[in-house]
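Residue-level structural notes
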Amino acid sequence: MDRRVVITAASAISPIGHTRDEILHSLQNGISGVKPLRDDGLLSDRIHSQVFGTVSADIDFDFERKYRKTMGPVAFYACQVVKEVIAQAGLSPEVLGSGRLGVAFGSTHGSPTVQRGIYETFFSKSQKRFASIGAVDYLKSMVHTTAVNITKMFGITGRVISSSTACTTSSQSIGFGYEMIRFGRQDAMICGGADEYDTTTVAVFDNLLACSTAFNATPSKTPRPFDAERDGLVVGEGAGAVLLEDYDSARRRGADILGEVVGFGCNNNGGDLIFPNVDGITATLRIALEDARLNPGDVDFISAHATATKMGDVIESQAIRKVFGERTPMVSGLKSYMGHTMGSCGAIETILSLYMMAEGFVAPTLNLDAVDPRCAMLRHTPGLTDYPLKVVGVQNFAFGGVNTCLLIRKV
Amino acid sequence: MTRNDIQERILTIFDEEFEIANPGLDDDLREAHGFDSIDAIELLREIEDMLGFELSQEQKKRAMDNIRTLNQILDYVESLTPETA
């Protein structure tokens, strides 16, 4: 079995907006969602990077207690975007509970907010509440908390995949969901990822000297992918979900088709767990093109991973150049608007690309004032550009050496 | 604590912690109100706070195995003493 797989609904909670209109407005007007880091009473005053890609939308999580009781903040985000995707697609309880619809959804490490509470209890001098660490805290904080809170809330009985591969979490969700449908194991998959506001992630990258620190007074000026003055990534939060389904059944039910997933590349560098690898990334991009049976020249636009670290952007640029030659597709680093939304970045950047595809424009990399000469071989999107996008590539790379590339075509 | 006192405290816990207002004394809590095993574990913690002592594993298992209604919860709480914990 080899079926076509299409995206028929999408929703994101992002630092640049929650609704489609808000996100488009930010992209079309160069509005950043990077804000000052909030005081968390624990780590924030010891972190050098004082910026964060912050969700500022006021979201009314109207969930009943029977669902809320097993949810940490990350699951609230996840269930909200999935609720919106299900409503957009008009999926019935019968379809959701058919066993033919599954969930591929993950986060970097469950809910660090809840985990922090657990550790506080562990290290509390009072043992009084020790016995209370049990089912609820685990269900709220566990790595697959997003996926199974989604299945619970919406009565989904199909397969569950819960990738937890840091920055490739949700691009893997979409890729593995695509393969699940393509090869006939499921007819539809709700795919995505989420990560909540979390300073421990900032602290990790801060300690690795990978975070932006030079723009603390002007948060919207960072991150600066591909720019000569870039000084590191900005951690962010958010969630993104898409509904993938078999093309024929989507057509039969008259669904809006936002795009077709035509290729997925995924591999590992097989070595260093932190440093990106040009050969590994190059191979991923080629695997995706081969999977899609597309030539490099067929791709119009690349949403680059582009975290704005010193070497990551250079290595990604080299890989793009190796695969696509002298005239590369237009390239933008969408993290320039939002920071690095971690486990949700692949899904959010896919959704932003779908929105741009639908509206026929490409948003440029924000804060790209002077291109680093080592990244200058790319065709950087030269400002807000009207363009009838037909094929876009969404690239993401993660700690652990995991690389992904999704190729999406307008139908 | 009288049975009425216990009932008042338990009903407050049901209202505030579980958003279940005024359940009938003989309602099957799972069937009628969706009160599940996670809620039961939470309730046992609340009961420990209310009584001011920790329950033994055996006492907790007895609750999880046997209790279905509010009246049974009241019987259970009345039967608990720190000496048996």
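Just above, that's the structure.
This report concerns the structure included in the present document. None of these values were measured; they are calculated from a predicted model. (Residues numbered from 1 in each chain as written. Chains lettered and ligands numbered in written order. Predicted model: local features only at pLDDT ≥ 70, side-chain atom pairs only at ≥ 80, totals over all residues. Heavy atoms only, no water.)

Looking at the overall build of chain B
Let me state the cut-off plainly: Here a strand is any run of E in DSSP of at least two residues, a helix any run of H or I of at least four, and the numbering for each starts at the N terminus. In this description the radius of gyration comes from C-alpha coordinates, and the expected globular size is given by 2.2 Å times residues to the power 0.38. Residue burial is assigned from relative accessible area. The probe radius is 1.4 Å, only protein chains are included, and a residue is buried under 20% of its type maximum, exposed over 50%, and partly exposed in between. Here, residues are in contact when the closest pair of their heavy atoms is within 4.5 Å. For accessible areas, the Shrake-Rupley method is used with a probe of radius 1.4 Å. Any residue's cover is judged against the shown protein chains and nothing else.
Check the secondary structure of chain B and you find five helices and zero strands. Sequence-ordered secondary structure for chain B, helices as α and strands as β, is α-α-α-α-α. Computed over C-alpha atoms, the radius of gyration of chain B comes to 12 Å, within 12% of the 12 Å expected from 2.2 N^0.38 for 85 residues, which places it in the range of a compact globule. The principal-axis extent of the C-alpha atoms belonging to chain B is close to 35 × 25 × 20 Å. Put simply, chain B has 85 residues, and 40% of those count as buried. Of all intrachain contacts in chain B linking residues separated by at least 6 positions in sequence, the fraction that spans at least 24 positions is 61%. Roughly 4,800 Å² of accessible area belongs to chain B as shown, and the carbon and sulfur atoms make up 42% of that amount.

What about the nonpolar core?
Residue and element names in this part refer to chain A. So the rule is basically this: Grouping buried Ala, Val, Leu, Ile, Met, Phe, Trp, Tyr and Cys residues that are joined through side-chain atoms within 4.5 Å yields what is termed a nonpolar core.
Judged by nonpolar contacts, the single largest core of 42 residues is most densely connected at Leu 27, Val 242, Leu 244, Tyr 337, Leu 352 and Met 356. The greatest single-element share of this core, amounting to eight residues, is contributed by helix α14 (residues 345-359). With near-sequence residues (within four places) excluded, Val 242 lies in contact with Ile 7, Ala 9, Ala 10, Val 85, Ile 174, Met 189, Ile 190, Cys 191 and Ile 351.

Let's talk about helix α9 (residues 199-207) of chain A
At 3.6 residues per turn, the α-helix brings residues three or four places apart onto the same side. Residue and element names in this part refer to chain A. Restricting attention to buried positions, one finds in α9 the residues Thr 199, Thr 201, Val 202, Ala 203, Phe 205 and Asp 206. Check the buried side of α9 and you find it contacts β3 (51-53) and α5 (112-122). With its phi angle positive at about 60°, Leu 209 sits one or two positions after the end of α9.

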